Amino acid sequence: MDYSRPELADRLAAEYAAGTLRGPARRRFESLLPAHPLLREATRAWEERLMPLTAAIAPVQPSGDVWRRISERIGGGEAKAASAGPWNRLAFWRGLAAFASVAAIGLAVLLANPSAVPPPIVVVLAPTGTAPGATPPASLVASISGDGATLVTRPIVPVAVQPDRSLELWAVPKEGAPRSLGLLPGGSGTVALRAKVLAGADTLAVTLEPAGGSPTGKPTGPIVYAGKFSL
Amino acid sequence: MVKPVADWTQRSLELSRLLARAGVGDRAAFATLYEQTSSHLFAVVLRINRDRAQAEDILQEVYVKVWRAAQTFDAAQSQPLTWLTSIARNRAIDSLRREQTQPRLQTPVAAAGGTDAEDDDVYETVADAAPGPLDLLSRATDARALGECMEKLSALQRQSVALAFYQGLSHAEVADQLRQPLGTVKSWVRRALLTLKACLQGAVVRDGAGAS
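**Section: the packing of helix 1 (residues 6-18) of chain A against helix 3 (residues 37-50) of chain A**
All names here are of chain A.
Inference 1: Where helix 1 contacts helix 3, the two axes come as close as 8 Å, and the packing angle between them is 45 degrees. Considering the angle they form, helix 1 stands oblique to helix 3. Between helix 1 and helix 3 the crossing geometry is right-handed. On helix 3, the residues touching Pro6, Ala9, Asp10, Ala13, Ala14, Tyr16, Ala17 and Ala18 of helix 1 are Leu38, Leu39, Ala42, Thr43, Trp46, Glu47, Arg49 and Leu50.
Inference 2: For the contact of helix 1 with helix 3, the residue count by class is 12 nonpolar, one polar and three charged.

Set out below in structure tokens:
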């Protein structure tokens, strides 16, 4: 057959896209595509025409296993499918925290944010020891958004402090005084980061302060959790 | 209709960007792409190959192929969702090839029976729960110019196209299903596709004129 004949190319492409071109004819058509621009173009055009029909099909979620298998095959275990946002992975963090009494770990997690901004930096804050006045030690996770504008913390296990105390979060620079990032009621908080507030800092720390936060603007109570990170 | 079109464009841009990043080896972008498109592609595959385990295998193949071919995707040439969906449909149709010796068709009679069960049962259950091809067609018709053009087809032409496109049925299977001669079905499908093409070209011209 002469595949450079536009009508023939168009008819075959239509049947290919519609799915009615079958068996050996379909295989043959596919094998011809790379060498025949006219067929390729006709096929592309038919696919564009017909594909909107699939918009009517209700989505069906495949099992999570599919992504795991794909991920293995493309040679990367590290990328996570994005629906699992940082806080949906608490089980993961809990598991990690169990081993994280070894100080703290700063992790840049590939969170698959659908944009060009860098991924968030996730900092695990581990207990620093038995702090007087603290309820059972717990760990927090802090996530610094990729653009550096916000920081969100969540407790991994429930955090409770006495009513006359507050947990306060600090950015601790290598040199100079810690800068307050705000209070964390129950270990949770969302902080809009002022420009440069993290500049030079390599540690996040949480201290136990009088209710309402440090009266002096400097940490006054014991450090209950800390974690290292690097920007 | 301005809003949905804007959403569609936005979504297309986003998917194109993710594909471009995947094309240079960005696994995180690829993971996001999977997240945003896998339930659609899976549904498309599942309508053609109703065996869930097989459909998941196909989906896996599809995304491995997408990962490898992402750098060949040309946003100037194709809509990303069309590109992805075509890969998924083609893989799904390929998978039918191997099973083609035993086509399993949904017939109202078989659904009523019940005793000569075997694996037909699974098929019937799934088929009954899901909307039929014509339901899908009427839903799709809300969306775009394609819908209006579908309206121009005769009922039987429409049904033939829907069975072939959504269920992945061959001409012979469509003929069987509609209890019509094979040659008749072939010419319905063919004429239906030609009508659609002419109609859509008209729609493009009209849209172009309106936009400029």
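**Comments concerning the interface of chain A and chain B**
Inference 1: Listed as interface residues are 54 residues of chain A and, on the opposing side, 64 residues of chain B.
Inference 2: Counting each side, the surface lost to burial between chain A and chain B is near 5300 Å², with a carbon and sulfur contribution of 61%.
Inference 3: Here chain A is connected to chain B by three salt bridges.
Inference 4: Between chain A and chain B we count 20 residue pairs in polar contact (both at pLDDT 80 or more) in total.
Inference 5: Counting only elements with at least two residues in the side of chain A that touches chain B, the list comes to helix 1, helix 2 (23-32), helix 3 and helix 4 (64-73) of chain A.

**Quick word on the pairing of strand 5 (residues 165-173) of chain A**
All names here are of chain A.
Inference 1: A large share of strand 5 lies buried, amounting to seven of its nine residues.
Inference 2: The pairing of strand 5 with strand 8 (residues 201-210) spans nine bridges and is antiparallel. Pairing of alanine 171 across the sheet is with leucine 204, part of strand 8.
Inference 3: When strand 5 meets strand 6 (residues 179-183), the two strands line up antiparallel, connected through four bridges. Residue leucine 169 lies in a different strand from strand 6, and its bridge partner there is glycine 182.
Inference 4: Hairpin connection, strand 5 to strand 6: the antiparallel pair is bridged by five residues, and glycine 176 has positive phi, about 100 degrees.

Cut-offs and rules
Residues numbered from 1 in each chain as written. Chains lettered and ligands numbered in written order. Predicted model: local features only at pLDDT ≥ 70, side-chain atom pairs only at ≥ 80, totals over all residues. Heavy atoms only, no water. Axes fitted to C-alpha atoms, helices over the stretch in contact; angles between N-to-C directions. Helix = DSSP H or I, 4+ residues; strand = E, 2+ residues; numbered from the N terminus. Parallel < 35°, antiparallel > 145°, perpendicular 65-115°, else oblique. Left-handed = near helix turned anticlockwise from the far one by under 90°. Contact = heavy atoms within 4.5 Å. Nonpolar A, V, L, I, M, F, W, Y, C, P; charged D, E, K, R; others polar. Buried area = accessible area lost by both parts, 1.4 Å probe. Salt bridge = Lys/Arg side-chain N within 4 Å of Asp/Glu carboxyl O. Polar contact = N/O pair within 3.5 Å; in protein donor to acceptor, adjacent residues only side chain to side chain. Buried < 20%, exposed > 50% of the residue type's maximum accessible area, 1.4 Å probe, protein only. Pairing = 2+ DSSP bridges.

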